[in-house]
Amino acid sequence: VEQSPPQSPGPGKAGDAPNRRSGHVRGARVLSPPGRRARLSSPGPSSSSEAREELRRRLRGLIERSRVMIFSKSYCPHSTRVKELFSSLGVECNVLELDQVDDGAKVQEVLSEITNQKTVPNVFVNKVHVGGCDQTFQAYQSGLLQKLLQEDSAYDYDLIIVGGGSGGLSCAKEAAILGKKVMVLDFVVPSPQGTSWGLGGTCVNVGCIPKKLMHQAALLGQALCDSRKFGWEYNQQVKHNWETMTKAIQNHISSLNWGYRLSLREKAVAYVNSYGEFVEHHKIKVTNKKGQETYYTAAQFVIATGERPRYLGIQGDKEYCITSDDLFSLPYCPGKTLVVGASYVALECAGFLAGFGLDVTVMVRSILLRGFDQEMAEKVGSYMEQHGVKFLRKFIPVMIQQLEKGSPGKLKVLAKSTEGTETIEGVYNTVLLAIGRDSCTRKMGLEKIGVKINEKSGKIPVNDVEQTSVPYVYAVGDISEGKPELTPVAIQSGKLLARRLFGASLEKCDYINVPTTVFTPLEYGCCGLAEEKAIEVYKKENLEIYHTLFWPLEWTVAGRENNTCYAKIICNKLDHDRVIGFHILGPNAGEVTQGFAAAMKCGLTKRLLDDTIGIHPTCGEVFTTLEITKSSGLDITQKGCG
Amino acid sequence: TEDRAGQRDYDLLVIGGGSGGLACAKEAAQLGRKVAVVDYVEPSPQGTRWGLGGTCVNVGCIPKKLMHQAALLGGLIQDAPHYGWEVAQPVPHDWRKMAEAVQNHVKSLNWGHRVQLQDRKVKYFNIKASFVDEHTVCGVAKGGKEILLSADHIIIATGGRPRYPMHIEGALEYGITSDDIFWLKESPGKTLVVGASYVALECAGFLTGIGLDTTVMIRSIPLRGFDQQMSSMVIEHMASHGTRFLRGCAPSRVRRLPDGHLQVTWEDCTTGKEDTGTFDTVLWAIGRVPDTRSLNLEKAGVDTSPDTQKILVDSREGTSVPHIYAIGDVVEGRPELTPTAIMAGRLLVQRLFGGSSDLMDYDNVPTTVFTPLEYGCVGLSEEEAVARHGQEHVEVYHAHYKPLEFTVAGRDASQCYVKMVCLREPPQLVLGLHFLGPNAGEVTQGFALGIKCGASYAQVMRTVGIHPTCSEEVVKLRISKRSGLDPTVTGCG
């Protein structure tokens with residue numbers, strides 16, 4: 001194991017053998033004038049953060065200017081092996097012996113921030129971080145090293161990004177701002193129903209944007225009902241027109257697609273509407289709609305291909321069912337709909353469809369909103385149930401048959417119980433599958449260059465700097481393993497990745513306390529831990545959970561139900577009652593949750609909640625007056641008002 | 001006094017059954033004290049009166065937010081066809097129906113407050129109180145019956161009432177105030193709102209929103225004390241949505257015309273020119289005066305400010321008399337906000353009877369103005385930050401954004417704007433946050449906590465957004481005013 005902890009002085013204490021600075025490599029340049037101790041950080045009384053910044057810049061400079069840069073220690077046998085390897089290849093290296101410079105320990109620290117590698121040797125070839133001794137030899141054996149050693153200019157691009165979704169685009173734009181030559185490949189493989197879309201990925205085309213707009217349309221239906229209570233007068237039964245809504249939403253999406261293309265063009269990012277597939281190290285084959293193939297090379301790659309809806313693998317599913325890929329641009333009203341699944345996608349879609357007055361059934365295999373707080377999930381479900389959505393729990397479809405063609409047609413669904421032998425049949429106009437999503441990582445030649453994927457999930461394991469098992473290949477967004485599948489997360493990680501790759505910053509993406517909101521008819525916003533997760537991590541006796549039901553002021557006059565909206569926080573008693581979980585079920589939950597998420601970043605405690613003055617009358621203020629603990633068992637129903 | 005064997009009637013007597021007073025009473029009762037609340041609503045000059053709960057419940061936050069909601073629903077009805085709902089436009093609005101629904105809700109709250117007092121064994125007197133001496137208060141009931149109440153501790157929480165411009169001919173006879181508007185049985189019709197306070201703008205906003213011809217007359221600056229850039233954008237938005245503004249004008253008289261309309265004469269303060277207009281209703285919203293005059297404070301020796309007549313208190317809410325305290329709008333130099341009064345009251349009672357020493361922190365109180373485009377803020381305004389720290393030490397990050405829901409509805413988002421005022425020196429402590437847009441109250445609440453926690457710009461930026469919301473714009477603020485770059489948000493990134 002290569003190990004040289006930053007603080008160990010080592011045998012080659014500087015000063016006793018000045019000539020050792022030059023190392024063993026033929027022709028290696030010495031980085032300091034002979035007879036003087038080398039320093040990379042400028043001496044003087046400047047503040048430590050400034051000095052560190054300066055040091056980082058200098059290291060960047062060394063890495064960028066050297067064909068091969070080795071950070072080494074003169075006594076380290078692994079460093080020696082690496083130096084000998086390059087020597088045997090006849091390659092001139094820049095070597096910095098960290099044990100022979102004054103600030104070697106600092107250099108090593110900064111290096112570990114840049115590369116996530118704490119040990120020496122730390123090897124860079126043509127700006128790409130190869131790794132330590134083992135990785136360098138692996139790269140040599142796989143031919144990657146030779147490839148890397150080819151002149152930098154041999155690459156067509158500094159960075160090629162595969163996938164033009166939220167993560168890919170943010171990474172591309174940031175890299176371009178930093179002056180890099182960037183290409184984005186984006187290609188939408190049509191859904192089994194033939195749906196396809198423009199640049200921008202899931203969020204813009206078949207995710208957050210259209211779903212929030214359809215959610216808004218459904219909320220407007222509720223607002224119309226409310227408005228009569230508030231004095232607005234109309235007698236007619238208001239009908240909803242699916243085509244009008246969908247057209248308006250698709251127009252908005254087209255304008256976003258166009259906006260993205262424009263913004264790439266403005267930043268001189270090359271955009272190619274083609275499918276990318278790795279063919280060898282640093283080389284990708286791109287195939288356009290017409291089947292024409294082109295090859296491009298790049299020094300570094302980012303994979304941001306995202307995910308697509310999963311199918312059941314039963315008879316008739318791909319022929320007759322639709323997914324969220326199809327729903328938002330469906331040219332006709334889906335009619336009576338069966339939604340299969342209990343993911344947030346399933347519940348959101350079922351929610352707005354029911355909001356338009358459609359007959360909607362959700363078929364659930366086991367639990368609602370897996371991974372979310374289950375108390376909240378059940379409340380989300382029961383609100384939907386009270387508002388007309390039917391739930392079929394513990395059933396899975398086994399066969400889909402077409403009874404009639406049409407727009408929509410008629411489908412027969414055969415389902416069986418997950419607990420017994422019972423089967424049921426139902427007839428629907430539309431069956432929407434929302435049972436999960438699969439990573440788009442299997443047909444892009446990752447195995448050709450050795451990028452490891454999780455064989456089961458298809459996700460790409462990355463380290464905390466988004467690096468895959470191949471040093472010059474990174475992954476961001478929904479395909480990276482263990483990361484939240486959320487647009488703002490992908491955007492943030494893509495942007496920070498570009499900044500780190502091209503030397504603008506060291507900041508890593510922080511995946512802790514990522515807030516999110518489920519846009520079901522009654523919105524559910526959360527940040528931090530679910531109650532069951534908190535109990536698992538901290539033990540029940542160390543937690544205090546405060547909760548209350550509440551009645552939004554706007555609901556009173558509207559005659560909407562009391563004791564439905566719910567707020568809950570989970571506090572860690574061992575850590576000053578720090579808030580480790582925040583949950584709200586109510587109108588505008590997303591708007592409410594965001595600021596609390598920022599406060600959680602700053603170490604929000606129960607005491608601070610109590611000390612903060614509410615904004616009256618809002619829903620958010622409920623968190624400033626939480627008094628009842630769950631453990632007390634006291635009644636939280638609101639009788640009357642105030 | 002009713003001083004039987006050295007015993008006074010109550011441990012605590014609270015004068016005023018508004019948000020602050022009720023909070024005090026309930027808290028003290030919970031701590032096992034013998035408590036009484038006296039509350040009496042002097043009818044407005046127009047004869048409007050209401051039940052227990054004070055300004056917020058009866059003639060403030062609650063009815064105003066509900067009428068604001070009615071106006072917002074009007075906007076949503078106009079959005080609805082864009083989202084596929086086939087509603088024939090225009091949809092008329094019935095004031096009576098709205099007012100009745102709002103008033104019924106308020107009455108249910110009045111009732112709820114009485115029940116709560118009863119549940120906690122707080123004695124409630126519907127009497128008008130004035131001091132007899134420093135431990136005794138005389139109450140007069142509606143029928144004229146008098147009663148004397150004595151207590152060890154007395155909290156004054158009588159709040160304030162709208163100011164009438166007594167120097168203006170016809171103001172008192174023909175004008176109404178926010179004390180009346182929410183209790184009108186009939187639509188106010190074409191309305192002139194006089195004033196530049198948030199009450200003025202909120203009322204004008206919802207009146208416009210439910211389809212009434214509404215004019216606001218402002219003599220000097222709107223929303224004094226608030227960030228002036230935000231304030232001018234609030235006005236800009238209202239003006240572009242149908243509210244008329246008469247800036248730099250002051251009314252001089254109001255007369256009733258033979259046809260029943262009100263003729264208002266005003267003067268343009270710069271040109272000196274007179275002008276007139278006719279309205280159905282004139283609403284004064286030129287400020288509020290503390291309800292201290294009838295309290296006979298001098299009998300108890302409680303000092304008030306000679307300028308404002310508000311009660312002077314120290315940081316423990318104590319007046320010039322050791323066992324007499326004051327909280328809420330009646331106090332000099334305090335934010336006039338319901339949640340502030342409630343918290344101050346509860347903390348006061350915990351200090352009096354609960355052995356606590358926690359003081360109320362009046363800094364960084366968040367608030368929201370419920371104008372048609374809501375304005376939420378916490379912390380310092382930009383001008384205040386610059387005044388305290390100097391231009392060169394302040395960095396302002398800002399963005400013009402477009403709420404997703406506005407796109408399909410084809411709404412104009414010119415005034416949807418957010419700015420964060422920070423210290424320039426890293427880590428750039430956040431001094432103030434200002435948010436103009438839908439649901440500003442909901443957006444602002446959480447960030448108020450962040451600011452309370454001493455959030456830095458860097459920490460806010462490390463917070464991941466919730467997509468797609470308006471509040472995520474706050475955590476995406478990247479453009480500083482100093483940079484001069486275009487702060488318009490484009491796309492999702």
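Definitions and limits used
- Residues numbered from 1 in each chain as written.
- Chains lettered and ligands numbered in written order.
- Predicted model: local features only at pLDDT ≥ 70, side-chain atom pairs only at ≥ 80, totals over all residues.
- Heavy atoms only, no water.
- Salt bridge = Lys/Arg side-chain N within 4 Å of Asp/Glu carboxyl O.
- Buried < 20%, exposed > 50% of the residue type's maximum accessible area, 1.4 Å probe, protein only.
- Helix = DSSP H or I, 4+ residues; strand = E, 2+ residues; numbered from the N terminus.
- Axes fitted to C-alpha atoms, helices over the stretch in contact; angles between N-to-C directions.
- Parallel < 35°, antiparallel > 145°, perpendicular 65-115°, else oblique.
- Left-handed = near helix turned anticlockwise from the far one by under 90°.
- Contact = heavy atoms within 4.5 Å.
- Nonpolar A, V, L, I, M, F, W, Y, C, P; charged D, E, K, R; others polar.
- Buried area = accessible area lost by both parts, 1.4 Å probe.
- Polar contact = N/O pair within 3.5 Å; in protein donor to acceptor, adjacent residues only side chain to side chain.
- 1 Å grid on protein atoms, 1.4 Å probe; cavity = no way out; pocket = protein on both sides within 12 Å on 5 of 7 lines; lining within 4 Å.
- Points joined across faces, edges and corners; volume = space filled by probe spheres on them.
- Pairing = 2+ DSSP bridges.
- UniProt positions renumbered as here; feature names shortened; annotations may be inferred.

### Structural notes on the pattern of salt bridges
If charged atoms from side chains of opposite charge come close, those side chains can pair.
All names here are of chain A.
Here comes step 1: According to the stated counting rule, one finds 56 salt bridges over all chains in the structure shown.
Here comes step 2: Lysine 285 serves as the salt-bridge partner of glutamate 293, at 3.6 Å between the closest nitrogen and oxygen.
Here comes step 3: Exposure remark for lysine 285: the relative accessible area of 16% places this residue in the buried category.
Here comes step 4: In this structure, arginine 310 and aspartate 438 form a salt bridge, with 2.8 Å as the shortest nitrogen-oxygen distance. Taken together, the residues span a long stretch of sequence, with arginine 310 in the loop between strand 11 (307-309) and helix 10 (317-320) and aspartate 438 in strand 20 (residues 437-439) at a distance of 128 residues.

### Details of the packing of helix 2 (residues 77-88) of chain A against helix 4 (residues 133-142) of chain A
Two quantities define a packed helix pair, namely the angle between the helix axes and the distance between the axes.
All names here are of chain A.
Here comes step 1: With their axes 9 Å apart at the nearest point, helix 2 and helix 4 run at an angle of 25 degrees to one another. What the angle tells us is that helix 2 and helix 4 run roughly parallel. Here helix 2 runs over helix 4; the crossing is left-handed. Contact residues: His78, Arg81, Val82, Leu85 and Phe86 in helix 2; Cys133, Thr136, Phe137 and Tyr140 in helix 4.
Here comes step 2: When its residues are assigned to classes, the contact of helix 2 with helix 4 shows six nonpolar, two polar and one charged.

### With respect to the environment of Gly84(B)
Here comes step 1: Inspection of the secondary structure assignment puts Gly84(B) in the loop between helix 3 (61-79) and helix 4 (95-119).
Here comes step 2: Classification of Gly84(B) by relative accessible area gives buried; the value is 2%.
Here comes step 3: Filtering out sequence-adjacent residues up to four positions away, Gly84(B) remains in contact with Lys239(A), His240(A), Asn241(A), Thr244(A) and Met245(A).

### Here's the deal with the interface of chain A and chain B
Here comes step 1: Tallying the contact residues gives 84 residues for chain A and 84 residues for chain B.
Here comes step 2: Looking at the side of chain A facing chain B, the largest losses of area belong to Trp232(A), Glu591(A) and Ile613(A), adding up to 11% of the total buried there.
Here comes step 3: The salt bridge involving Glu627(A) is made with Arg346(B); its shortest N-O contact spans 2.7 Å.
Here comes step 4: On inspection of chain A and its partner chain B, the count reaches 26 residue pairs in polar contact (both at pLDDT 80 or more).
Here comes step 5: Counting residues per element, the ones that place at least two in the side of chain A that touches chain B are helix 7 (201-206), helix 8 (208-229), helix 9 (242-266), helix 15 (487-501), strand 22 (516-518), helix 17 (553-558), helix 18 (589-601) and helix 19 (606-611) of chain A.
Here comes step 6: Partitioning the side of chain A that touches chain B into residue classes produces 40 nonpolar, 27 polar and 17 charged.

### Regarding empty space enclosed by the protein
All names here are of chain A.
Here comes step 1: For the coordinates displayed, the defined rule picks out six cavities of 30 Å³ or more.
Here comes step 2: Taken as a whole, the largest cavity encloses approximately 320 Å³ of empty space.
Here comes step 3: Looking at the largest cavity, it is lined by 22 residues, and the ones nearest its centre are Arg60, Lys127, Gln300, Tyr474 and Leu501.
Here comes step 4: For the lining of the largest cavity, the secondary structure elements donating two or more residues are helix 1 (48-65), helix 3 (104-115), strand 4 (128-131), strand 10 (293-303) and helix 15.
Here comes step 5: For the lining of the largest cavity, the class distribution of residues is ten nonpolar, five polar and seven charged.

### Quick word on the sheet that holds strand 18 (residues 423-428) of chain A
Note on sheets: strands pair through backbone hydrogen bonds, and any given pair is parallel or antiparallel.
All names here are of chain A.
Here comes step 1: Strand order in the open sheet formed by three strands is 16-17-18, with antiparallel pairing between adjacent strands. Strands at the two margins of the open sheet, each flanked by one partner only, are strand 16 (395-404) and strand 18. The mean inter-strand angle of the sheet, taken between neighbouring strand axes irrespective of direction, is 20 degrees.
Here comes step 2: Alignment of strand 16 against strand 17 (residues 410-417), held across eight bridges, turns out to be antiparallel. In the strand pairing of strand 17, isoleucine 400 is matched with valine 413.

### Some points on the UniProt feature "domain: FAD/NAD(P)-binding" (unreviewed entry) in chain B
Here comes step 1: Sequence positions flagged by UniProt for "domain: FAD/NAD(P)-binding" (unreviewed entry) are, in local numbering, residues 10-345 of chain B.
Here comes step 2: Secondary structure across residues 10-345 of chain B divides into 32% helix and 25% strand, with the first and last C-alpha atoms of the span separated by 17 Å.

### Examining the sheet that holds strand 21 (residues 417-423) of chain B
Residues and elements named next belong to chain B.
Here comes step 1: What the five strands build is an open sheet, ordered 18-19-22-21-20; its pairing is antiparallel. Two strands bound the open sheet, and with one partner strand each, they are strand 18 (367-369) and strand 20 (394-400). Sheet twist, expressed as the mean angle between neighbouring strand axes with direction ignored, is 15 degrees.
Here comes step 2: Across six bridges, strand 21 lies against strand 22 (residues 430-436) in antiparallel orientation. Looking at the pairing, valine 421 lines up with glycine 432 of strand 22.

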